[in-house]
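This is what each chain is made of:
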There are 4 protein chains.
Amino acid sequence: MSHNTFGHLFRVTTWGESHGPALGAAVDGCPPRIEISEAEIQTWLDKRKPGQSRFTTQRREADEVKILSGVMPQEDGRLLTTGTPIALEIQNTDQRSKDYGDIKDRYRPGHADYAYDVKYGIRDYRGGGRSSARETAARVAAGAIARKVVPGVSVRGALVQVGPHAIDRSRWNWNEIDNNPFFCPDAETAKLWEDYLDGIRKAGSSVGAVIEIVAEGVPPGLGAPIYGKLDQDIASLLMSINAVKGVEIGEGFAAAALTGEANADEMRMGNDGKPLFLSNHAGGILGGISTGQPIVARFAVKPTSSILTPRHSITAGGEEVEVMTKGRHDPCVGIRAVPIGEAMVACAIADHYLRNRGQNG
Amino acid sequence: MSHNTFGHLFRVTTWGESHGPALGAAVDGCPPRIEISEAEIQTWLDKRKPGQSRFTTQRREADEVKILSGVMPQEDGRLLTTGTPIALEIQNTDQRSKDYGDIKDRYRPGHADYAYDVKYGIRDYRGGGRSSARETAARVAAGAIARKVVPGVSVRGALVQVGPHAIDRSRWNWNEIDNNPFFCPDAETAKLWEDYLDGIRKAGSSVGAVIEIVAEGVPPGLGAPIYGKLDQDIASLLMSINAVKGVEIGEGFAAAALTGEANADEMRMGNDGKPLFLSNHAGGILGGISTGQPIVARFAVKPTSSILTPRHSITAGGEEVEVMTKGRHDPCVGIRAVPIGEAMVACAIADHYLRNRGQNG
Amino acid sequence: MSHNTFGHLFRVTTWGESHGPALGAAVDGCPPRIEISEAEIQTWLDKRKPGQSRFTTQRREADEVKILSGVMPQEDGRLLTTGTPIALEIQNTDQRSKDYGDIKDRYRPGHADYAYDVKYGIRDYRGGGRSSARETAARVAAGAIARKVVPGVSVRGALVQVGPHAIDRSRWNWNEIDNNPFFCPDAETAKLWEDYLDGIRKAGSSVGAVIEIVAEGVPPGLGAPIYGKLDQDIASLLMSINAVKGVEIGEGFAAAALTGEANADEMRMGNDGKPLFLSNHAGGILGGISTGQPIVARFAVKPTSSILTPRHSITAGGEEVEVMTKGRHDPCVGIRAVPIGEAMVACAIADHYLRNRGQNG
Amino acid sequence: MSHNTFGHLFRVTTWGESHGPALGAAVDGCPPRIEISEAEIQTWLDKRKPGQSRFTTQRREADEVKILSGVMPQEDGRLLTTGTPIALEIQNTDQRSKDYGDIKDRYRPGHADYAYDVKYGIRDYRGGGRSSARETAARVAAGAIARKVVPGVSVRGALVQVGPHAIDRSRWNWNEIDNNPFFCPDAETAKLWEDYLDGIRKAGSSVGAVIEIVAEGVPPGLGAPIYGKLDQDIASLLMSINAVKGVEIGEGFAAAALTGEANADEMRMGNDGKPLFLSNHAGGILGGISTGQPIVARFAVKPTSSILTPRHSITAGGEEVEVMTKGRHDPCVGIRAVPIGEAMVACAIADHYLRNRGQNG
């Protein structure tokens with residue numbers, strides 16, 4: 001994890017700002033002879049794309065991805081990876097930079113505005129520049145490739161809490177995910193959120209959320225203890241997503257209140273002659289290493305700071321002002337964080353899959 | 001973060017197992033001409049040292065640190081760093097390996113036993129080998145040096161929850177930290193924990209905990225967006241500590257339930273002519289960059305899996321067995337995690353301090 | 001140095017193949033508030049551009065660079081870096097892939113064809129794919145930015161040997177560099193090379209060369225001993241250029257024949273009160289650290305393997321064949337390696353300048 | 001390559017100074033279940049050990065290596081690696097620090113004294129501190145482990161030039177290596193060197209040398225183009241050895257004078273049905289990737305700067321002085337560089353073997 005690159009053998013470098021001409025990623029270290037296509041990457045990008053419902057920003061971006069390198073067209077038209085870096089590029093098309101003129105010198109409370117200025121002494125204020133959620137399109141594109149690296153792995157995410165309203169886990173149904181604009185696995189709660197978020201949206205307000213990512217089919221043995229533990233790298237990548245303030249694996253913070261007896265994942269031998277865990281408090285990772293159980297990670301997204309209610313702030317020159325944000329924004333950025341979280345977990349797994357194969361053969 | 005090394009400019013590599021001859025760290029990239037001493041590092045190690053109360057493991061280790069390189073003795077006897085790697089070494093003295101003979105082939109539920117075996121096909125089962133909490137002595141020693149890298153920085157930690165019992169934050173008093181065996185900032189809750197943990201201990205059980213780390217005096221501008229964010233690296237390092245299952249910055253998971261209005265940290269100009277934040281929901285970090293406010297991080301530690309109650313498990317050979325752990329263990333490993341968490345945060349800050357100085361001058 | 005990224009604080013990732021739609025670089029870690037422009041980067045690219053004389057490949061590429069991120073336009077139109085990654089892109093326009101159809105399955109002796117196939121099991125044979133010298137355009141573009149990072153540094157290169165014909169160093173004149181198509185600092189030798197290379201070219205043959213890079217104004221103290229020595233990183237980057245088979249610093253291999261007395265660079269105090277070296281056998285680097293003297297590095301480029309004379313080889317299927325290369329190629333690739341070598345040395349210096357500032361303040 | 005660590009999956013971190021209590025290495029990422037022993041590592045260290053003939057420094061160091069972590073003793077006493085970091089430690093025993101008192105403030109021409117002082121503002125002048133050749137003991141120990149990582153690989157080195165006297169390659173006989181104190185494969189030249197070096201030694205002078213390393217049995221496909229090429233990493237590691245000023249692969253600088261026809265390594269099919277190269281100008285590496293041919297690397301070592309003849313220099317305070325070095329030194333440090341060069345090449349190969357297995361399966 002260094003500057004704008006993450007990963008060790010499966011390495012992703014992203015670049016680009018909200019209102020520059022384009023953004024992109026270089027995916028390096030992908031194994032050769034894997035079939036990829038722009039169309040397939042696009043399906044994942046479309047999940048993250050803004051403007052798909054009234055609950056996400058109205059900025060309209062096609063988010064069309066181009067593969068610029070790292071593939072060799074076969075005679076039948078399929079693209080196979082060659083082992084060289086795969087450059088992915090997405091044009092920015094719907095920049096309305098003038099929307100942001102009035103926050104050029106004003107620090108929006110809760111935004112990265114002040115922090116970037118104090119660090120770099122210069123800031124691309126247009127749409128948040130590099131700190132914009134647009135950067136995450138590059139992550140999702142990279143994640144689409146990561147998914148193909150580990151045979152049989154499946155990485156899915158769901159929104160499990162919006163504001164104070166959590167889902168009822170007994171109603172969890174993965175099939176509901178695509179039936180509502182929230183990636184919500186609980187149809188009843190999805191309805192509740194719809195009303196709740198309409199209120200938030202009309203008030204020009206915003207609200208936080210919790211997302212859960214579940215990775216199934218992860219081979220046991222992934223993770224490099226002591227400082228490249230699989231849960232550590234997942235935590236790191238989830239925390240790198242804009243607005244994330246907390247990360248959990250398995251029981252997470254709830255584990256603090258448990259006893260050792262309650263938290264132990266007992267083991268038996270399965271009918272297939274393989275080890276079987278009787279529970280998954282650990283979230284699929286012990287000692288930083290995957291056990292073969294599903295990996296379960298959650299992360300909390302704060303409410304976006306772009307709200308219509310004026311807040312106290314200051315200017316770059318030190319003047320005290322009121323700030324309200326009129327640009328196009330998400331009432332609940334947590335919704336669009338679902339495919340981003342999936343991509344991050346997929347990348348961490350792909351990297352450790354290759355690393356483990358390297359060290360352990 | 002790679003294998004057993006973390007950090008970028010301030011880099012720490014640790015090595016060693018619970019029952020090997022010694023463990024240690026190589027601290028690389030430390031600036032030159034900083035005064036350090038074995039005695040000063042020792043004061044931090046003594047905070048983490050086992051066997052200091054009936055609430056931590058009864059293993060007796062002197063944990064005496066030796067500095068083997070990277071310093072130049074001055075005529076007055078002081079040691080100054082030279083800019084070359086500082087090797088720190090701690091001998092293991094109180095290994096009772098035979099205590100562990102009966103778990104040689106048995107996987108303790110919730111432990112890393114199974115995961116190490118499935119990954120490496122071999123495992124140092126004596127005291128947990130590399131996955132033992134003894135490794136964290138090397139982190140604390142490295143953290144003692146990290147604290148000297150950033151002028152004026154202070155990193156303190158406190159235990160804020162044991163099992164289901166959280167402190168009353170209105171009674172927070174840093175001065176109480178050293179008045180009880182828990183690093184508890186709330187004297188009343190400390191008493192409650194004493195009774196509670198006596199019960200846990202006598203039952204041969206264990207319980208989880210939550211630790212909070214506060215770093216003050218951190219210069220603004222530290223953090224390398226997008227993938228070396230300061231909060232990301234703090235999350236990564238806290239998650240790398242044994243038994244940690246969750247990490248939060250500032251409001252953490254509570255932010256999910258807040259509105260943008262409630263979560264915004266408004267700004268005014270202070271009397272000293274400097275920007276002033278009116279609250280710190282962000283925990284001192286915005287867009288991955290420190291703002292100059294105190295950095296607040298929390299992490300949850302699961303109950304240790306070493307308990308006296310028998311649990312279902314299997315052997316390496318696939319036999320179904322009952323496992324109970326008779327070795328010397330902590331009823332609440334969260335207690336000793338406080339100085340470890342401090343060390344991790346101190347290291348992350350030191351690394352980003354140097355990185356920021358490199359990029360920004 | 002990992003896969004397709006080099007550098008530590010000043011990090012460059014390149015991507016792209018000879019016959020893909022484009023190639024590019026992401027330059028990460030560049031300090032903020034540095035003025036850069038496409039026009040300035042273009043001047044360096046134009047030095048490397050193919051097709052400028054009859055002595056380099058006749059492929060016609062505009063090599064027009066676009067800056068896609070990492071800069072903020074100022075009101076006066078100038079672009080300033082913002083501290084975020086700078087994406088540079090160059091379109092490929094003059095691909096004639098059909099020229100390469102007949103080497104699709106044939107391994108050209110001395111080329112990377114066989115090695116890529118045996119490693120990846122797939123190969124972009126069009127123009128050499130990733131192993132083509134076209135990739136070096138991205139390096140030169142990155143180097144143009146590196147030059148601006150260290151105030152007052154100047155990095156210049158010259159061709160000092162073509163085939164068996166070395167220059168006469170007593171006639172070295174930097175002003176001659178632009179007066180001939182060889183970057184030759186010795187006008188007389190340039191004339192000799194012209195005749196010599198005409199013969200090589202007409203014979204469809206090729207020949208090797210030696211390039212010398214001189215960096216002046218390098219601050220003392222750059223280099224991270226023991227494994228990030230400045231000369232080590234320069235050697236690594238020069239060796240990463242296509243076709244390079246040897247690298248020297250200062251006296252280089254000639255030092256083997258010298259005695260300690262002859263090789264010692266004695267020191268006196270200069271009239272300006274600063275240390276003064278009386279010679280520069282060391283090439284400006286001692287113990288891996290820059291001394292403030294000019295840095296002198298040389299590298300040897302083998303003759304390109306693309307020649308018209310048929311050579312014995314085999315096909316991917318194991319058939320024995322004769323191979324000759326009919327594409328457009330350089331009789332002496334060493335000529336175009338001059339600006340590439342300059343770029344590599346500039347990048348190494350920029351990286352160590354930032355690293356040293358980080359560690360030493 | 002960063003600070004004091006090299007390698008990517010097979011990572012080595014070294015620490016220690018010439019006159020500190022000890023020096024060592026942490027070898028991280030070694031695959032599990034490899035048998036290693038102190039005795040086996042010792043055999044390689046003994047090759048490098050000082051004081052073995054009158055042609056190397058008379059400092060007497062036992063160079064006894066201890067393995068402190070990363071291995072699990074088996075019931076039969078064998079040590080197997082466990083996949084965790086292997087700490088290696090060597091005590092310093094024969095430090096005579098007072099020998100160096102008079103160079104405390106004097107910069108020895110050609111040494112790293114001035115460079116370290118100008119970089120760090122402090123310097124361990126005792127025996128050269130970190131810049132001493134003693135550090136290379138840690139490399140040799142690490143190399144001993146690297147040799148076990150790649151099945152069937154053999155890495156051998158020879159001294160091929162001392163001062164102006166090169167061997168006659170037609171007389172090359174690996175069996176002669178151990179018959180003379182020079183690792184010389186040519187018995188006749190070894191005799192010549194004996195006389196020549198006696199003269200150098202008695203004059204208190206020193207002389208440079210060239211070493212050649214040959215690695216056989218290297219699997220094809222190792223090397224990560226474009227910036228982790230195998231030859232690049234070999235060049236980097238050889239250049240990181242003290243006093244090295246030049247590195248070559250295969251034909252090296254001689255390739256500059258060759259034509260493409262002469263330099264091409266033609267291919268045929270061998271009797272075993274495998275590709276066969278008819279020559280090895282490339283030194284076993286094409287496009288940065290191993291071809292399966294022997295890897296041939298050479299490096300030039302300058303004469304040590306520690307000589308008895310007084311040389312002009314300055315003090316840290318800026319006074320002009322004469323400097324001569326009275327400590328115990330090598331008339332030809334190149335001799336002891338042979339096992340060090342072998343270790344570096346072995347480490348580079350081991351790292352790329354694991355990396356290639358990771359990316360390519």
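Looking up chain A in an unreviewed UniProt entry gives the name Chorismate synthase, with the organism given as Kaistia hirudinis. Reading the Catalytic activity (unreviewed entry) entry of the UniProt record for chain A gives the comment "5-O-(1-carboxyvinyl)-3-phosphoshikimate = chorismate + phosphate".

A. Quick look at the relation of the copies chain B and chain A. Once chain B is rotated about the relating axis by 180° and shifted along it by 0.0 Å, it coincides with chain A to within an RMSD of 0.0 Å. Taken together, the rotation and translation relating the two chain copies correspond to the operation of a two-fold axis. In this assembly, 100% of the residues forming the interface of chain B have copies in chain A that are likewise at the interface, indicating an isologous arrangement.

B. Examining the relation of the copies chain D and chain B more closely. Taken as rigid bodies, chain D and chain B are interconverted by a rotation of 180° and an axial shift of 0.0 Å, the fit giving an RMSD of 0.0 Å. Here 100% of the interface residues in chain D have copies in chain B that are interface residues too; the copies meet face to matching face.

C. A look at helix H1 (residues 38-48) of chain B. Of the positions making up H1(B), those classed as buried are Ile41(B), Gln42(B), Leu45(B) and Arg48(B). For H1(B), the angular spread of buried residues about the axis comes to 105°, placing them on one side.

D. Here's a closer look at the interface of chain B and chain A. Contacts between the two partners involve 105 residues from chain B, matched on the other side by 105 residues from chain A. In this assembly, chain B packs against chain A so that about 8400 Å² is buried in total across both faces, 58% of it on carbon and sulfur atoms. A salt bridge links Glu320(B) to Arg268(A), with the shortest nitrogen-to-oxygen separation between them at 3.6 Å. Where chain B packs against chain A, one counts 57 residue pairs in polar contact (both at pLDDT 80 or more). Top contributing element to the side of chain B that touches chain A by residue count: helix H5 (residues 230-239) of chain B, with seven residues.

E. Just unusual backbone geometry, in detail. Following Pro225(C), the chain continues to Ile226(C) via a peptide bond in cis, the omega torsion being 15°. Here Ile226(C) lies in the loop between strand E11 (209-216) and helix H5 (230-239). Of note, the phi angle at Phe183(D) is positive, near 55°, even though the residue is not glycine. Within the element layout of this structure, Phe183(D) appears in the loop between strand E10 (165-166) and helix H4 (187-202).

F. Focus on the UniProt feature "binding site: NADP(+)" (unreviewed entry) in chain A. Residues and elements named next belong to chain A. Following the UniProt record, the feature "binding site: NADP(+)" (unreviewed entry) maps to Arg48 and Arg54 here. Mapped onto the elements of the fold, Arg48 is located in helix H1 (residues 38-48). Arg48 has contacts with Asp63, Ala133, Arg134, Thr136, Ala137, Val140, Arg336, Pro339 and Ile340, leaving out every residue within four places of it along the chain. Mapped onto the fold, Arg54 is located in the loop between H1 and strand E5 (65-67). In contact with Arg54, other than residues within four places in its own chain, are Glu194, Asp198, Arg201 and Pro331.

G. Summary view of the pattern of salt bridges. Evaluated as defined, the whole model comprises 106 salt bridges over all chains. Among the ionic pairs, Arg156(B) bridges to Glu216(B), the shortest N-O distance being 3.0 Å. A residue pair is termed long-range when its members are at least 10 positions apart, and Arg156(B) in strand E9 (residues 154-162) and Glu216(B) in strand E11 (residues 209-216) qualify at 60 residues. The class for Arg156(B) is partly exposed, based on a relative accessible area of 31%. Residue Arg355(D) is joined to Asp351(D) by a salt bridge in which the shortest nitrogen-to-oxygen separation is 3.9 Å. Separated by four residues within a single helix, Arg355(D) and Asp351(D) lie in helix H7 (residues 337-360), roughly one turn from each other. Across the pair, exposure class does not vary: Arg355(D) and Asp351(D) are buried alike.

H. Just the interface of chain D and chain B, in detail. Contacts between the two partners involve 46 residues from chain D and, on the opposite side, 46 residues from chain B. Carbon and sulfur atoms make up 60% of the area that chain D and chain B hide from each other, which totals about 3300 Å². At the junction of chain D with chain B, the criterion picks out two salt bridges. Across the pair Glu75(B) and Lys104(D) runs a salt bridge whose closest N-O atoms are separated by 3.1 Å. If you list the elements that add at least two residues to the side of chain D that touches chain B, you get strand E2 (11-16), strand E3 (22-28), strand E6 (71-73), strand E7 (79-81), strand E8 (86-91) and helix H2 (113-120) of chain D. Here the residues of the side of chain D that touches chain B are counted per class, giving 18 nonpolar, 17 polar and eleven charged.

I. Representation of the packing of H1(A) against helix H7 (residues 337-360) of chain A within the structure. All names here are of chain A. Two elements in contact, H1 and H7, have axes separated by 7 Å at closest approach and are oriented at 135°. Comparing their axes, H7 and H1 come out oblique. Here Trp44, Lys47 and Arg48 of H1 come into contact with H7, specifically with Pro339, Ile340 and Glu342. Residue composition of the contact of H1 with H7, grouped by class: three nonpolar, no polar and three charged.

J. Spatial organisation of the packing of aromatic side chains. Under the definition given, this model contains 28 aromatic pairs over all chains. Aromatic pair Phe277(C) and Tyr114(D): ring centres 5.7 Å apart, planes at 75°, arrangement edge-to-face. Note that Phe277(C) is positioned in strand E14 (residues 275-277) and Tyr114(D) in helix H2, a pairing that runs across two chains. Tyr114(D) shares its class with Phe277(C); the two are buried. Through successive ring pairs, a cluster of aromatic residues spans Tyr107(A), Tyr114(A) and Phe277(B). One Lys or Arg, Arg147(A), reaches over the ring of Trp44(A) and ends 3.5 Å from the middle of that ring.

K. Representation of H5(B) within the structure. Counting buried positions over the ten residues of H5(B) gives ten, a clear majority of the element. Here H5(B) has its buried residues at Leu230(B), Asp231(B), Gln232(B), Asp233(B), Ile234(B), Ala235(B), Ser236(B), Leu237(B), Leu238(B) and Met239(B).

L. Quick look at the nonpolar core. One finds Phe10(A), Phe10(B), Phe10(C) and Phe10(D) to be the most contacted residues of the largest nonpolar core, which totals 411 residues. Excluding anything up to four places from it in sequence, Phe10(A) contacts Val27(A), Asp28(A), Cys30(A), Ala142(A), Ile145(A), Ala146(A), Val149(A), Cys347(A), Ala350(A), Asp351(A) and Leu354(A).

M. Highlighting the state of the cysteines. Residue and element names in this part refer to chain A. Taken as a whole, this structure holds zero disulfides over all chains when the rule is applied. Among the cysteines around Cys347, which has no disulfide bond, Cys30 carries the closest sulfur, lying 10 Å off. With relative accessibility at 2%, the residue Cys347 sits in the buried group.

N. A look at the sheet that holds strand E6 (residues 71-73) of chain A. Residues and elements named next belong to chain A. Overall, antiparallel pairing links the three strands, which are arranged E4-E7-E6 in an open sheet. Every other strand in the sheet has two partners, leaving strand E4 (35-36) and E6 as the edge strands with one partner each. The pairing of E6 with strand E7 (residues 79-81) spans three bridges and is classified as antiparallel. Note that in E7 the partner of Met72 across the bridge is Leu80.

O. Representation of the side chain of Arg147(D). All names here are of chain D. Summarising the element assignment, Arg147 is placed in the loop between helix H3 (136-146) and strand E9 (154-162). Using a relative accessible area of 15% as the deciding quantity, one classes Arg147 as buried. Look past the residues within four positions of Arg147 in its chain and what remains in contact with it is Trp44, Val153, Val155, Glu342 and Ala346.

P. Local environment of the pairing of E11(B). Residue and element names in this part refer to chain B. Most of E11 is tucked away, with seven of its eight residues classed as buried. In this sheet, E11 lies alongside E9 in antiparallel orientation, the contact comprising eight bridges. Directly across from Leu159, in E11, lies its bridge partner Ile211. The pairing of E11 with strand E17 (residues 295-301) spans seven bridges and is antiparallel. For Glu212, the partnering residue across the bridge sits in E17 and is Arg298.

Q. The environment of Arg108(B), seen in detail. Residue and element names in this part refer to chain B. The topology assignment puts Arg108 in the loop between strand E8 (86-91) and helix H2 (113-120). For the pair formed by Arg108 and Val149, sequence separation is 41 residues and the distance between their alpha carbons is 40 Å. Look past the residues within four positions of Arg108 in its chain and what remains in contact with it is Ile103, Asp113, Gly128, Ser306, Val323 and Thr325.

Scoring rules and cut-offs
- Residues numbered from 1 in each chain as written.
- Chains lettered and ligands numbered in written order.
- Predicted model: local features only at pLDDT ≥ 70, side-chain atom pairs only at ≥ 80, totals over all residues.
- Heavy atoms only, no water.
- UniProt positions renumbered as here; feature names shortened; annotations may be inferred.
- Least-squares fit on C-alpha atoms with pLDDT ≥ 70 in both.
- Contact = heavy atoms within 4.5 Å.
- Buried < 20%, exposed > 50% of the residue type's maximum accessible area, 1.4 Å probe, protein only.
- Helix = DSSP H or I, 4+ residues; strand = E, 2+ residues; numbered from the N terminus.
- Arc of directions from axis to C-beta.
- Buried area = accessible area lost by both parts, 1.4 Å probe.
- Salt bridge = Lys/Arg side-chain N within 4 Å of Asp/Glu carboxyl O.
- Polar contact = N/O pair within 3.5 Å; in protein donor to acceptor, adjacent residues only side chain to side chain.
- Nonpolar A, V, L, I, M, F, W, Y, C, P; charged D, E, K, R; others polar.
- Axes fitted to C-alpha atoms, helices over the stretch in contact; angles between N-to-C directions.
- Parallel < 35°, antiparallel > 145°, perpendicular 65-115°, else oblique.
- Phe/Tyr/Trp six-rings, centres within 6.5 Å; stacked < 30°, edge-to-face > 60°.
- Lys NZ or Arg CZ within 6 Å of the ring centre and 35° of its normal.
- Core = buried A, V, L, I, M, F, W, Y, C linked by side-chain atoms within 4.5 Å.
- Disulfide = S-S within 2.5 Å.
- Pairing = 2+ DSSP bridges.

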